[in-house]
Amino acid sequence: VVDVSEAQENVMDAQQSLAAESRRTIFILAGFMLAVWAVFLLASRWLGNALTSPLVELTQSAQRIAEGDLTADLQSRSNDEVGILAKTLETMTHNLRGVIGETEQRVTERTADLEKATLESQQRTQEMKTISEVARAISTEVNLENLLNLITYLVSERFGFYHVGVFLIDTVTKYAILRASN
């Protein structure tokens, strides 16, 4: 009887020892799993940042370009798809800068041409106005001397000539005779 109870005590001690060992093993495994999970979490965060950081920088540069800043830096640091995309955007931005520069140059040239045409048009308008005034003077003035003096004055003043003279041909002697000047 003593042997059975002693055996039962040994079995119970063994069970308790096994249970304690099992708990210790479970705690060790849980700690190991927690450590592996923490390392995996840190590694995935680092890998995620390494993969998305170039995309975030490229997106920010593309947004600055879309807002009109054509000097945004699009340096590509890799030869993967992100690097190819950065190089392509950089080429497009460079081409866009060229097109804008050419367009601005064309606008400047066209503006200068338009200003020149406007000045010429104003000058022609002034000339036509002077011609109209001379024609009106011819049709209303009956005295030839007054008419010739008025014509020399108008032509000199309106066209900006320093000296204007009107010569009439003498039909008898065939000489040009100065009849009016300003």
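Look up: the structure comes first, before these words.
Residues numbered from 1 in each chain as written. Predicted model: local features only at pLDDT ≥ 70, side-chain atom pairs only at ≥ 80, totals over all residues. Heavy atoms only, no water.

1. Overview of the pattern of salt bridges
Pairing between side chains of opposite charge can happen when the charged atoms of each approach one another. With the rule as written, the count across this model stands at 6 salt bridges. Across the pair Asp-69 and Arg-64 runs a salt bridge, and its minimum N-O distance is 3.9 Å. Between Glu-133 and Arg-158 there is a salt bridge, with the nearest N and O atoms lying 2.8 Å from each other. You can see Glu-133 sitting in helix α2 (residues 81-140) and its partner Arg-158 sitting in helix α3 (residues 144-159), a full 25 residues away along the chain. Judged by its relative accessible area of 14%, Glu-133 falls in the buried class. On the accessibility criterion, Arg-158 (25% relative accessible area) is partly exposed. (Salt bridge = Lys/Arg side-chain N within 4 Å of Asp/Glu carboxyl O. Helix = DSSP H or I, 4+ residues; strand = E, 2+ residues; numbered from the N terminus. Buried < 20%, exposed > 50% of the residue type's maximum accessible area, 1.4 Å probe, protein only.)

2. Focus: α3
Taking 1.5 Å of rise per residue, 16 residues should cover 22 Å, and α3 covers 22 Å from first to last C-alpha, within 8% of that figure. Among the residues of α3, Leu-147, Leu-148, Ile-151, Thr-152, Leu-154, Val-155 and Ser-156 are the ones counted as buried. Of the surrounding elements, those touching the buried residues of α3 are α2, β1 (165-169) and β2 (176-181). Residue Asn-143 occupies the N-cap position of α3, its side-chain oxygen lying 3.1 Å from the main-chain nitrogen of Glu-145. Note on α3: the residue one or two positions beyond its end, Gly-160, has a positive phi of about 75°. (Expected span 1.5 Å × (residues − 1). Contact = heavy atoms within 4.5 Å. Polar contact = N/O pair within 3.5 Å; in protein donor to acceptor, adjacent residues only side chain to side chain.)

3. Notes on the packing of aromatic side chains
As enumerated under the stated definition, the model contains 1 aromatic pair in all. Ring plane angle 25° and centroid distance 5.9 Å describe the contact between Phe-159 and Phe-161, whose orientation is recorded as stacked. When its relative accessible area of 47% is taken as the criterion, Phe-161 is described as partly exposed. (Phe/Tyr/Trp six-rings, centres within 6.5 Å; stacked < 30°, edge-to-face > 60°.)

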